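# Topology and contacts: notes
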Amino acid sequence: MNERVPSLTAVAPHWHDEEHLAVLVREWPADARFELIVVDNGSDGDLVELTTDRSNVRVLDPGRNLGFGAAVNRGAAEAGGDLILMLNTDAAPEPGALDVLVEGMADHPDAAGLAPRLLGADDAVQAAWQLRRLPTLRTLAGYCCFLEPAPLPEPAAGAPVEQPAACALLLRRAAFEGAGAMDERFWPAWFEDVDLARRLADRGERVLYWPEAVFRHGLGASVPRLGYGAFLAAYYRNLDRYARKHHGGGGAVLLRGVLVGAALVRIVLLPLRCPRRARGRDEALVGLWRLAVAAVSGWRGR
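For the structure given in this document, a descriptive report is provided here.

Procedures and definitions
Starting afresh in each chain, residues are numbered from 1 along the sequence in its written order. Local features in this predicted model are restricted to residues of pLDDT 70 or higher, and side-chain atom pairs are both shown and tallied only at a pLDDT of 80 or more, whereas totals for entire chains, interfaces and linings draw on every residue. To obtain the side-chain values, all non-hydrogen atoms of the structure were included, while hydrogens and water were left out. Accessibility here uses a 1.4 Å probe with only protein chains present; expressed as a share of the type maximum, an area under 20% marks a residue as buried, one over 50% as exposed, and anything in between as partly exposed. Secondary structure elements are defined from DSSP: runs of H or I of at least 4 residues count as helices, runs of E of at least 2 residues count as strands, and each element is numbered from the N terminus. Any two strands with at least two DSSP bridges between them are considered paired. A pair is scored as a salt bridge if a Lys or Arg side-chain nitrogen falls within 4 Å of a carboxyl oxygen belonging to Asp or Glu. To obtain each axis, a line is fitted to C-alpha atoms, and for helices this fit is confined to the stretch in contact; angles are then taken between N-to-C directions over 0 to 180 degrees. Here, residues are in contact when the closest pair of their heavy atoms is within 4.5 Å. Any residue with relative accessible area above 30% and no salt bridge may belong to a patch, with like charges joined within 9 Å and the nonpolar Val, Leu, Ile, Met, Phe, Trp and Tyr side chains within 5 Å. Only the protein chains shown count as cover for residues, and all accessible areas are computed by the Shrake-Rupley method using a 1.4 Å probe.

Here we come to the pairing of strand β10 (residues 207-217). Within β10, nine of the eleven residues are buried, which leaves it mostly tucked inside the rest of the structure. Relative to β10, strand β6 (residues 113-119) is paired through seven bridges, and the arrangement is parallel. Among the inter-strand pairings, P116 is bridged to a residue of β10, identified as W210.

Moving on to the pattern of salt bridges. Where side chains of opposite charge bring their charged atoms close, a pairing between them can arise. Applying the stated criterion to the full structure yields 21 salt bridges. The shortest N-O distance in the salt bridge between D240 and R244 comes to 2.8 Å. Within this pair, D240 and its partner R244 are both found in helix α9 (residues 228-268), separated by four residues, close to a single helical turn. Among the residues examined, D240 registers a relative accessible area of 4% and is labelled buried.

Moving on, we come to the sheet that holds strand β5 (residues 91-93). Here eight strands make up an open sheet; going across it, the order is β3-β2-β1-β4-β9-β6-β10-β5 and the pairing mixed. On the outer flanks of this sheet lie β3 (57-60) and β5, each paired with one strand and no other. When strand polarity is set aside, the average angle formed by the axes of neighbouring strands in this sheet is 30°. Of the strand pairs in this sheet, strand β1 (residues 8-15) and strand β2 (residues 34-42) are connected by eight bridges, and their pairing is parallel. Bridge pairing in β2 links A12 to V38.

Another point: the environment of W289. Among the secondary structure elements, W289 is positioned in helix α10 (residues 281-296). Separated by 141 residues in the primary sequence, W289 and E148 have C-alpha atoms spaced 21 Å apart. Dropping the residues within four chain positions of it, W289 is found in contact with L264 and I267.

This brings us to a nonpolar patch on the surface. A surface patch of nonpolar side chains, about 420 Å² in accessible area, is lined by V265, V268, L269 and L272. In this fold, L272 is placed in the loop between α9 and α10. The exposure class assigned to L272 is exposed, which follows from its relative accessible area of 73%.

Another point: helix α7 (residues 192-202). Counting buried positions along α7 yields nine of eleven residues, so the element is predominantly enclosed. Looking at α7, one finds that the buried residues are E192, D193, V194, D195, L196, A197, R198, R199 and L200. Contacts from the buried residues of α7 go to α2 (68-77), β4 (83-87), β8 (163-164), β9 (168-172), α6 (173-178) and α9. One or two residues past the end of α7 sits G204, with phi positive at roughly 80°.

As structure tokens, then:
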């Protein structure tokens, strides 16, 4: 492999997902143009062996769980490429996808970035989950009622997208840094990519949908490892942070009230319906009750 400056650097925060990470490293092209930086937020073994004989793959070990946003910032700071690909460990490029992304950025010098097409193991397109509009206060209230917004149809190739998920998102370094990079206060994950998308939009930057570049995505590998209660706490604490940042303190207080009411209603309905992410009704009960208490307290001490 010829030693040269990479044109694209992928930054993949890792947290106890060795199985998917091994697939990602195995399928990553052995091409000096494409650098892969794994930021180890927590592992169950030595990740260095994954980089054996792979000069374009390296592991950064910060010694603690930085969270997704801070890990992306850490990797981007050491990236050799001018194109930064934020990547979940359960998202791997199909052959040729990275070339397509680089070519797409060259063809659209005015674009801040590109969002590739995500496919599940069943070949289902994940655009409805991956590509959304920036949330209004009403949308956030829906999230607090445990409701998802109506899915959008898959956009046309080259269409601007407001809120692309950071599980596989390519940005120019200049756009990423110009928007202020990731806000590391969204710890450990969730809403850091929504916040970045909002700041990019506020600067007039555009991210385009680029379906010719295909990635395989596992969709939500971290939630089962984290646990239902911990997921609820992290997700809605960061929703609250996003609301305060972009919709003001009054909006955040309103959303906390909606969340408390919805959590209590869901507790009452547990005999009829157990949340799909919970392993059972007992786990759901504890997680929902703690969520309601945390929201009432305004997330103090969290």
